[in-house]
Amino acid sequence: MDLNEIKNKFRNKSRVDLQDVDLALRAVPVLVREIERLEAELVEAEKKYNHIADLFGKKRPPLEREGKKGNSKWRVWLDESSNRLYIELSGSIDYRFSKQASNGILSVSPNLREGFNVIIDIAKLTHLEDRRVIFQLRKVYYNLKYGGAGKVVRVINSDAREVNGIFETSEKDVELSVHLVDSMEKAESTIENLGKFLKA
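Parameters at a glance
- Residues numbered from 1 in each chain as written.
- Predicted model: local features only at pLDDT ≥ 70, side-chain atom pairs only at ≥ 80, totals over all residues.
- Heavy atoms only, no water.
- Helix = DSSP H or I, 4+ residues; strand = E, 2+ residues; numbered from the N terminus.
- Buried < 20%, exposed > 50% of the residue type's maximum accessible area, 1.4 Å probe, protein only.
- Contact = heavy atoms within 4.5 Å.
- Areas by Shrake-Rupley, 256 points an atom, 1.4 Å probe, with all protein chains shown as cover.
- Lys, Arg positive; Asp, Glu negative; His and termini not counted.
- Charge placed at Lys NZ, Arg CZ, Asp CG, Glu CD.
- Axes fitted to C-alpha atoms, helices over the stretch in contact; angles between N-to-C directions.
- Parallel < 35°, antiparallel > 145°, perpendicular 65-115°, else oblique.
- Nonpolar A, V, L, I, M, F, W, Y, C, P; charged D, E, K, R; others polar.
- Patch = residues over 30% accessible without salt bridge, like charges linked within 9 Å, V, L, I, M, F, W, Y side chains within 5 Å.
- Salt bridge = Lys/Arg side-chain N within 4 Å of Asp/Glu carboxyl O.
- Phe/Tyr/Trp six-rings, centres within 6.5 Å; stacked < 30°, edge-to-face > 60°.
- Lys NZ or Arg CZ within 6 Å of the ring centre and 35° of its normal.
- Polar contact = N/O pair within 3.5 Å; in protein donor to acceptor, adjacent residues only side chain to side chain.
- Pairing = 2+ DSSP bridges.

Caption draft 1: Looking closely at the overall build of the protein chain. Looking only at helices and strands, the protein chain has 6 helices and 6 strands in total. The order of helices and strands in the protein chain, counted from the N terminus, is α-α-β-β-β-α-β-α-β-α-β-α. Out of the 200 residues belonging to the protein chain, those deemed buried represent 37%. Taking contacts inside the protein chain between residues at least 6 apart in sequence as the whole, the part at least 24 apart equals 74%. Surface exposure of the protein chain reaches about 12700 Å², of which carbon and sulfur atoms provide 52%. One way to put it: in the protein chain the 35 positive side-chain charges average out to a point 3 Å from where the 32 negative ones average out.

Following this line, the structure appears as structure tokens:
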């Protein structure tokens, strides 16, 4: 049963005919779920509206930033409709480059609304050249945690043990819960489905 079937059957009726009682009883759970979905969308739309209204009159923070040095690259961007932050790091990153990346991430973050989700893709990050990079990493994680992040997912290359270990240590230092996956597709799926099946 879908909404179109229900709409076509009952659109012009003010009451249910006796022969349609069975259909109406089957339609009630479908309609309740649809109402709940629309209510959740409305709440999100109101949050987005209020957030944009707060920013109105101020200089709008950027929605995307990126930097490149040789084969190394960082990029951060925001999907406003899903309230999702994407961070991508690749190549070999030194302290100066990590500072640019962390400042870029923080410059985009004012656009985020409470409960935002984060995907950090480090699958192509091969090396951290300087231990001081850890400070910049902790700075970003601290701001994500205390800025109201919801779910955080990190895309990894399981062969890059040193890089993964440094990220894991930094996450533990700021007590940030991060889910690990091995592809962007799994990261998106994790954000969408995490906790869905735990509800009563």
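Still to come is the rest of the account.
Caption draft 2: Structural detail: the packing of helix H3 (residues 95-108) against helix H4 (residues 133-146). Relative to each other, H3 and H4 sit at 10°, their axes nearing to 8 Å. One finds that H3 runs roughly parallel with respect to H4. Along the contact surface, H3 presents Tyr95, Ser98, Lys99, Ser102, Asn103, Ile105 and Leu106, while H4 presents Val133, Gln136, Lys139, Val140 and Asn143. Grouping the amino acids of the contact of H3 with H4 by side-chain chemistry returns 5 nonpolar, 5 polar and 2 charged.

Caption draft 3: View of a nonpolar patch on the surface. A contiguous nonpolar surface patch, about 400 Å² in accessible area, is contributed by Val16, Leu18, Val21 and Leu25. By secondary structure assignment, the location of Val16 is in the loop between helix H1 (3-10) and helix H2 (21-55).

Caption draft 4: Spotlight on the environment of Tyr49. Secondary-structure assignment places Tyr49 in helix H2. By relative accessible area, which is 59% here, Tyr49 ends up exposed.

Caption draft 5: Broad picture of the pattern of salt bridges. Enumeration over the complete set of coordinates arrives at 14 salt bridges. Of the charged contacts in the structure, one is a salt bridge between Glu34 and Arg37, with a shortest N-O distance of 2.5 Å. On the criterion of helical spacing, the pair formed by Glu34 and Arg37 is a turn pair, its members being 3 residues apart in helix H2. The partner of Glu192 in a salt bridge is Arg84, with the nearest N and O atoms 2.7 Å apart. Taken as a pair, Glu192 in helix H6 (residues 184-193) and Arg84 in strand S3 (residues 84-93) lie far apart in primary sequence, 108 residues in all. Look at the salt bridges and you will find they share partners, linking Glu34, Arg37 and Glu41 into a network.

Caption draft 6: Spotlight on the packing of aromatic side chains. One pass over the full model with this rule turns up 2 aromatic pairs. Between the aromatic rings of Tyr142 and Tyr146, the centroid separation amounts to 4.6 Å while the plane-to-plane angle is 45°, which identifies the pairing as tilted. Residue Tyr142 and its partner Tyr146 are located together in helix H4, separated by 4 residues, close to a single helical turn. In this arrangement the basic side chain of Arg75 is found over the ring face of Trp77, its NZ or CZ atom lying 3.8 Å from the centre. Sitting above the plane of the Tyr95 ring, Arg132 keeps its charged end 4.3 Å from the centroid.

Caption draft 7: Main features of the environment of Asp130. By secondary structure assignment, the location of Asp130 is in the loop between strand S4 (117-128) and H4. In the structure, Asp130 is positioned 36 residues away from Asp94 in sequence and 5.5 Å away in space, judged by C-alpha atoms. A polar contact is formed between the side chain of Asp130 and the backbone nitrogen of Arg132, at a distance of 2.8 Å.

Caption draft 8: How the structure looks around the sheet that holds strand S2 (residues 72-79). In spatial order, the strands read S1-S2-S3-S4-S5-S6; together these 6 strands make up an open sheet with mixed pairing. Of all the strands in the sheet, just strand S1 (64-69) and strand S6 (179-181) have a single pairing partner and so form its edges. Across the sheet, the mean angle from the axis of one strand to that of its neighbour is 15°, orientation sign disregarded. For strand S5 (residues 152-155) and S6, the ladder comprises 3 bridges, and the chain directions are parallel. Following the sheet pairing, Val155 is matched in S6 by Val181. The sheet strands contacting H3 are S1, S2 and S3, and the helix crosses S2 at an angle near 5°. Its contacts with the sheet put H6 on S3, S4, S5 and S6, and the angle it makes with S4 is roughly 150°.

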